[in-house]
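Spelled out from the first residue to the last, the chains are:
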Amino acid sequence: MRGARGGSLRELPFSTMVSVRVAPGSAAFDRIGAALGAGLPERVADTARAGAHTALWLGPDEWLVVSSAEPGPLVADLVEALAGDPGTVVDVSANRTILELSGATARQVLEKGCPADLHPRSFGPGDAVTTTLGPVPVLLWQSGPSTYLILPRASFADYVARWLLDAMTEFA
Amino acid sequence: MSAQPHRLPSGGRIDRDTVLRLTVDGQELTGHPGDTVASAMLAAGRLDVAPSIYRGRPRGIVAAGVEEPNALLEVLGRCSESMLPATTVSLVDGLAVRTLSGLGRLDPTGDEAVYDKKFAHTDVLVVGAGPAGLAAAWAAARSGARVILLDEQSEPGGSLLSCREETVNGSPALDWVREVVAELESAPEATVLSRTTAFGSYDDNYVVAVQHRTDHLGHPAPEGMSRRRVWHIRAARVVIATGAHERPLVFAGNDRPGVLLASAVRGYLNRYAVAPCSRAVVSTTNDSAYDTVTDLVAAGVEVAAVIDARPTLSPRAAEVAGTGVRVVPGSAVVETTGASRVDGVLVGALDEDGLLGGDVEADVETIACDLLAVSGGWSPVVHLHSQRQGRLRWDEVLAAFVPEGTVRGQRVAGSARGTFDLGGCLEEGTEAGVAAAVAAGFPIEAEAPVGRAATGEYGPVRQLWLVPGRRGEPADWHEHFVDLQRDQTVADVWRATGAGLRGIEHVKRHTSIGTAHDQGRTSAVNAIGVLAAALGGTPGEIGTTSYRAPYTPVSFAALAGRERGDLFDPERTTPIHPWHVAHGARFEIVGQWLRPRYFPRDGEDIDAAVARESRAARRGVAMMDASTLGKIEVCGADAGEFLDRVYTNAHRRLPVGSARYGVMCKPDGMILDDGVNLRLDENRFLLTTTTGGAAGVLDWLEEWLQTEWPELDVYCTSVTEQWTTIAVVGPKSRQVVARVAPDLDVSAEAFPFMTFRETTLASGVPARICRISFSGELAYEINVSGWYGLAVWEQLYAAGADLDITPYGTETMHVLRAEKGYPIVGQDTDGTVTPQDAGMDWVVSKRKDFIGNRSYTRADTARADRRHLIGLLPVDRVTRLPEGTQIIAPDTPVTPERGPVPMLGHVTSSYHSEALGRPFALALVAGGRDRIGETLIAQVGDSPVEVLVAGPVLYDPEGNRRDG
Amino acid sequence: MLLLDCPWCGPRDETEYHYGGQAHVRYPQVPADLTDQEWAEYLFFRDNPEGPFAERWVHSTGCRRWFNVMRDTTSYRVLAVYRPTDPRPEGSR
């Protein structure tokens, strides 16, 4: 959907997503970071990108790797890096989808239902947090100055898309 | 076009070049942009509104702001809205209103306006844009901090909008207001919101406000623009600058139209250029009303007299008296006269005790007038402070409850804390703004603007809570009104104290004073004063009632926001959902999931559809979308050990490639959830949970792992949407599965019950196929990545077409599982049911410990008469028992005279069984397993229905069908 | 609405969390060793003090970690936030 003020919403389906759980600071943690090409981020809202892969911090021992690579080989690489140490690597590519909201009013659209502080002093490109949008839990990832990626569970995607389109009407 | 005879020739914050039309109770009036409905009415010479709610007495406009108790409107339109104060409704062209007798109605017409909400974070929130609030916001914004300034009025300025001669920094005060607002509006991090009322203040500086965005525009709102917006503001620091409300006086006939608050009269004169009268009397207990006096005189209105309750003239009173205005000290208006409007007042002298001295009848003077302006002192608007448990203190000098101390992270500034002079408000506001910015991490210094007003001081106040009546006792004073909106009087307060009530909270509830739509803004403190007079003592000793949100009424539509209609609640859907829609499924909501309930073919009702779907599952082949089941991967070296602890049965030695049904319980032994679990490899399990229980079970597992057993090497990952699950059920299911999974040996020998296999389907899609049955029939569950869910569903549907493969929904699923006695957690259990109660003793391990195990030897859990899950067969073979039906013993009387009916239990599930050819039910019945073969009574409405108690497994109890 | 300072995610609204009741109530090592009375006390009895109270919260919509909060039940003021592995602050029940 496009409007006079440049807001647009689209789905970016079929992205590879892998859930990684591993103890921070462990050898396996380092090996997985190396396999991804960038160390796993260690602070809330941090993301680390290298090539096709971006690791998003979800918790002190939990990450979501979002990638444009095929799920099978990536999962295999990460399982190999974990090498049986405590932790887990699970393909969750179909668990969530990605909705991309962009435009000058994108932040105002999100502020109609997201309690996180999205002001540039608090949140900016490259930041990702788990939060809620309206009544739906989402992973919110700012990918550019006025572009946000919204990752709800796939079952909520239709609702979230309709919620966003409704919120965007004002700016059409 | 009607005239505006009371409009002053000049002045006011109105646009005289534009004429707006207004209809009040059918009467056509005119006004200008900047008017409220109330000011337009007064300009036309009309101040009467609908009569009072209970006593039908004539009433008029009293105030000029949100404190108005009488002038309530229904704004007429496609969807009318009731209970809006005429003093707050901005005039727009063509507005039509009806005045209300204190009671509105909710228009049943659907409201198509948009309502929304917005979250905001700020360093400094300032509530109130009067002199203190403007100064605070101005100072704070200079620091670069994020600042939000809210104000309920149509424009910033607060009390300054009603002023005439006040100056700030040597210029007219409103020039300063304009400069400050311009500076704030150009500051990148400052937000100024007018028509926005902060109505609730919550923990840690979370303030909720409602903004009126479109009603004043006078034309339809742009598409998508909300009519009202509820702001949820989290602020590092809050400055409360909410001002003060003037109190009326309590005397006989104080409700007669034409009695207005003195400050309201001033507002109408200066802000709206309306002189609502030609000859006024002013009755006051303090100096503030003298500003009204001088403004009346300046506007050319005759002031017949100022009746000042204080025994001697204050300097300000003397100054005004010196200009030739008659000031009568030590006196009060004791009564008004007039029919539908004041035409005169009776004035009596007060003695030291506030009593009428001498010969009351002889000494009372009558003064003719068409308006009485009253001031009984000022009450700081302490609501937001008080909602956060901020303390209040009675100030005997100010005659007001004022904030004592501060709420953490907040400050109160200006007249909201009892500082009533302009200079003081500006100083306190500036100081509060600076302090708030500094505390939020934005150092700044600022010098307060210098304000000057005619009064400068509030002056001494005489506390005059109750002007005595000329006759009788307080218990007889039925025309001394305390709460105009509730029609409650001094006599009503005396009735409450006569009934033995002493506390203000009790008196409030006994009389209803302060409980109306205006929440007692003009009546609450007067009620405290009257109660103090009744009981002896001071208002401080009586104390206040609790202040609770909302400060002003907020419509439910605004609170609901956009979460209504299609967006009311999330509807979760599976990848197959579009197919279900296209094939005419009827849906039901399970948790938040939208699941097909049944798939009617031409003209079928639910019973016919379910019968057909059941037949297909029991005799042919049927398929169901089971993707909504919760799924959790549990990985780690200790995964088996962990599952042994959380499930009642053993999982540690489950072979890889096998499946096991598991039940998990709370420590009290009651069933929490259930599902079938797969062992994927040595260190990996896949758990399934109930559709509604997925999130709760994951939280439950994490709780034990993190708080009790952090030493276990176990990680849980939710994969509910990762997998699409399709159940293929029925004697012919093997044929269908064999067609889509040609690499798989589907024979019963090679692929036995409660095992699973990984394979690649003919379509190339990797799949995990399980032999699991929730129907007792031969059945498979095919799990594929959600990406391929819809495609594989269509492949199965096509592969089974010649076998008439039949999609079925949750209703048929329920019938099939209930025929087999499989309970649904949350339907057949309710948190008071153990696995043993549910007839699943076999799932409770006797060889290991697990959560809940200890509870099975508790006396209560071991009782023989606990409610057991059993089957019920209505003897008439016809009645389908409503779920929830109570079960009683035969010959139990059910008449009210015989007292409570001893209940044996209730029906938890009830269906018609196509396979059994009769209706049946599952029920929890006391000692149920010991009653098998007995006949009990299910009480359906007034009809007792005989039911035969049976074991829960009513279909294929030998289990012969599961291998096909 | 409380602003709870998650030890891992920082300050977030109360709506992101779930309440977990009194903290520092350990699951008995061997429940079978407990008398019915002791087991019932573990199951059903919790403190309800006026003033500081150590309680558990989980950051459900955030990092899903459990942690402890010392909260004054009268003023709703959060006095301390600490990880499950941290010792209980002084002056609480």
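Residues numbered from 1 in each chain as written. Chains lettered and ligands numbered in written order. Predicted model: local features only at pLDDT ≥ 70, side-chain atom pairs only at ≥ 80, totals over all residues. Heavy atoms only, no water.

1. Section: the overall build of chain C
Quick note on the threshold: What counts as a helix is a DSSP run of H or I of at least four residues, what counts as a strand is a run of E of at least two, and both are numbered from the N terminus. Throughout, a contact is declared for two residues whenever any of their heavy atoms are within 4.5 Å. For every accessible area listed, the method is Shrake-Rupley and the probe measures 1.4 Å; residues are considered covered only by the protein chains on display. By the counting rule applied here, Lys and Arg register as positive and Asp and Glu as negative, while His and the ends of each chain are not counted. By convention, charge coordinates are those of NZ in Lys, CZ in Arg, CG in Asp, or CD in Glu.
Across its full length, chain C carries one helix and six strands. Secondary structure of chain C in N-to-C order comes out as β-β-β-α-β-β-β. In terms of overall dimensions, chain C has C-alpha extents of about 40 × 30 × 25 Å along its principal axes. Pairs at least 24 residues apart make up 46% of the contacts formed inside chain C by residues separated by at least 6 positions. Here chain C has roughly 4,900 Å² of accessible surface; of this, 48% comes from carbon and sulfur atoms. Averaging the coordinates of the 11 positive side-chain charges in chain C and doing the same for the 14 negative ones gives two points 7 Å apart.

2. Some details on the interface of chain B and chain A
Keep this limit in mind: The buried area of a pairing is the accessible area, by a 1.4 Å probe, that goes missing from both parts when the two are put together, added over both. Any carboxyl oxygen of Asp or Glu that lies within 4 Å of a side-chain nitrogen of Lys or Arg is treated as forming a salt bridge with it.
Taken together, the contact between chain B and chain A spans 42 residues of the former and 43 residues of the latter. Contact between chain B and chain A buries roughly 3,600 Å² in total, counting both sides, with carbon and sulfur atoms accounting for 50%. It is B:R562, B:Y715 and B:W787 that lose the most area in chain B upon contact with chain A, and together they represent 23% of the buried surface on that side. For the interface between chain B and chain A, the tally reads nine salt bridges.

3. Points about unusual backbone geometry
Residues and elements named next belong to chain B. Stated precisely, the cut-off is as follows: Each residue is assigned to one of three classes by its accessible area relative to the maximum for its type, calculated with a 1.4 Å probe on protein chains only: buried under 20%, partly exposed between the two thresholds, exposed over 50%.
Backbone torsion omega between A549 and P550 reads 0 degrees, so that peptide bond is classified as cis. Mapped onto the elements of the fold, P550 is located in the loop between α13 (539-542) and α14 (556-560). In this structure, N205 takes a positive phi of about 55 degrees despite not being glycine. As for its placement among the helices and strands, N205 is situated in the loop between β13 (196-202) and β14 (206-212). When its relative accessible area of 4% is taken as the criterion, N205 is described as buried. Unlike most non-glycine residues, A273 shows phi in positive territory, near 55 degrees. Here A273 shows up in the loop between α4 (262-270) and β18 (279-284).

4. Section: the packing of helix α1 (residues 27-36) of chain A against helix α2 (residues 71-82) of chain A
Residues and elements named next belong to chain A. Here is the rule: What counts as an axis is a line fitted to C-alpha atoms, over the stretch in contact for a helix, and the angles between N-to-C directions run from 0 to 180 degrees. By definition in this entry, angles of less than 35 degrees are roughly parallel, angles greater than 145 are roughly antiparallel, angles of 65 to 115 are roughly perpendicular, and the rest are oblique. When the near helix sits turned anticlockwise from the far one by under a right angle, the crossing is termed left-handed; a clockwise turn instead gives a right-handed crossing. Only Asp, Glu, Lys and Arg are considered charged, only Ala, Val, Leu, Ile, Met, Phe, Trp, Tyr, Cys and Pro nonpolar, and every remaining residue, Gly among them, polar.
Running from N to C, α1 and α2 point in directions that differ by 150 degrees, and their axes come no closer than 8 Å. The pairing of α1 with α2 is recorded here as roughly antiparallel in orientation. Handedness of the α1/α2 crossing: right-handed. On α2, the residues touching A28, R31, I32, A35 and L36 of α1 are L74, L78, A81 and L82. Across the contact of α1 with α2, the residue classes break down as eight nonpolar, no polar and one charged.

5. Comments concerning the packing of aromatic side chains
The criterion, for reference: What counts as a ring pair is set by centres within 6.5 Å for rings of Phe, Tyr and Trp (its six-membered ring), and what kind of pair is set by the plane angle: stacked under 30 degrees, edge-to-face over 60, tilted for all other angles. For a ring to carry a charge above it, either NZ of a lysine or CZ of an arginine must fall within 6 Å of the ring centroid while also lying within 35 degrees of the normal to the ring plane.
Within this structure, the stated rule accounts for 24 aromatic pairs over all chains. Taken together, a centroid distance of 5.7 Å and an interplanar angle of 75 degrees make the contact between C:Y17 and C:F67 edge-to-face. Highlighted residues: C:Y17 in the loop between β2 (10-13) and β3 (18-22) and C:F67 in strand β5 (residues 66-72), separated in sequence by 50 residues. Residues C:Y19 and C:W57 carry aromatic rings whose centres are separated by 5.1 Å and whose planes lie at 75 degrees to one another, so their mutual orientation is edge-to-face. Here C:W57 lies in strand β4 (residues 52-58) and C:Y19 lies in strand β3, a separation of 38 residues in the sequence. Classification of C:Y19 as partly exposed rests on a relative accessible area of 44%. Grouping aromatic residues by their ring pairs yields a cluster made of B:F642, B:W700, B:W704, B:W709, C:Y27, C:W39 and C:Y42. Over the ring of B:F481 we find B:R59; its NZ or CZ atom is 4.8 Å from the centre of that ring. Sitting over the ring of B:Y780, B:R771 keeps its end group 6.0 Å from the ring centre.

6. With respect to helix α12 (residues 524-535) of chain B
Residue and element names in this part refer to chain B. In plain terms, the rule: Helix span, as expected, comes to 1.5 Å for every residue beyond the first.
A rise of 1.5 Å per residue sets the reference length of α12, with its twelve residues, at 16 Å; its end C-alpha atoms lie 17 Å apart and thus fit the reference within 8%. Every buried residue of α12 is listed here: V525, N526, A527, I528, G529, V530, L531 and A532. Positive phi appears at G536, one or two residues downstream of α12, with a value of about 80 degrees.

7. Remarks on the side chain of B:R388
Residue and element names in this part refer to chain B. Just so we agree on the cut-off: For this analysis, a polar contact is any N or O atom pair within 3.5 Å, provided that within protein one partner can donate a hydrogen and the other can accept it, and provided that sequence-adjacent residues contribute only side-chain to side-chain pairs.
Tracing the sequence through the fold places R388 in the loop between α8 (383-387) and β26 (391-395). Of the side chains bearing the opposite charge, D203 lies closest to the buried R388, which forms no salt bridge; the N-O distance is 4.2 Å. Side-chain polar atoms of R388 contact the backbone oxygen of Y202, separated by 3.3 Å. R388 has contacts with S201, Y202, D203, D204, N205, V407, R408 and Q410, leaving out every residue within four places of it along the chain.

8. A look at the environment of B:G110
Position of B:G110 relative to the elements: it lies in the loop between β7 (95-100) and β8 (115-127). When the C-alpha atoms of B:G110 and B:Y715 are compared, they prove to be 50 Å apart, with 605 residues separating the residues in sequence.

9. Observations concerning the sheet that holds strand β40 (residues 723-729) of chain B
Residues and elements named next belong to chain B. Test applied: A pair of strands is treated as paired once DSSP finds two or more bridges between them.
With respect to topology, six strands assemble into an open sheet ordered β41-β42-β43-β40-β34-β44, the strand pairing being mixed. Each having just a single partner strand, β41 (756-760) and β44 (806-807) make up the two edges of the open sheet. As paired strands, β40 and strand β43 (residues 779-785) are joined by seven bridges and run antiparallel to one another. Among the inter-strand pairings, V729 is bridged to a residue of β43, identified as A779. Running over the sheet, helix α19 (residues 733-740) touches β40, β42 (766-770) and β43 and is turned about 30 degrees from β43.

10. A short note on the pairing of strand β35 (residues 630-635) of chain B
Residues and elements named next belong to chain B. Among the six residues in β35, six count as buried, and that is most of the element. Burial of β35 is two-sided: the residues G630, I632 and V634 facing one way and the residues K631, E633 and C635 facing the other way are all buried. The sheet contact formed by β35 and strand β38 (residues 684-689) spans six bridges and is antiparallel. Pairing of I632 across the sheet is with L687, part of β38. Across four bridges, β35 lies against strand β39 (residues 715-718) in antiparallel orientation. Each bridged residue has a counterpart across the sheet, and for I632 the counterpart in β39 is S718.

11. Focus: the environment of B:A349
Residue and element names in this part refer to chain B. Considering the arrangement of structural elements, one finds A349 in strand β22 (residues 344-349). Under the relative-accessibility criterion, A349 is labelled partly exposed at 44%. Taking C-alpha positions, A349 is 9.9 Å from D308, a pair spaced 41 residues apart along the chain. If near-sequence neighbours (up to four positions away) are discounted, A349 is found in contact with G330, S331, L355, L356 and G357.

12. Regarding the interface of chain C and chain B
Between chain C and chain B, the contact holds 26 residues from the first and 28 residues from the second. In total, about 2,500 Å² of surface goes out of reach between chain C and chain B, with carbon and sulfur atoms giving 46% of it. Across the contact surface, chain C and chain B share six salt bridges. In this structure, the salt-bridge partner of B:R234 is C:D13, at a minimum N-O distance of 2.8 Å. Between chain C and chain B we count 18 residue pairs in polar contact (both at pLDDT 80 or more) in total. When residues in the side of chain C that touches chain B are grouped by element, the largest group, five residues, is from helix α1 (residues 36-44) of chain C. Broken down by class, the residue content of the side of chain C that touches chain B amounts to 14 nonpolar, five polar and seven charged.

Everything listed is a geometric property; what it means functionally is a separate question.
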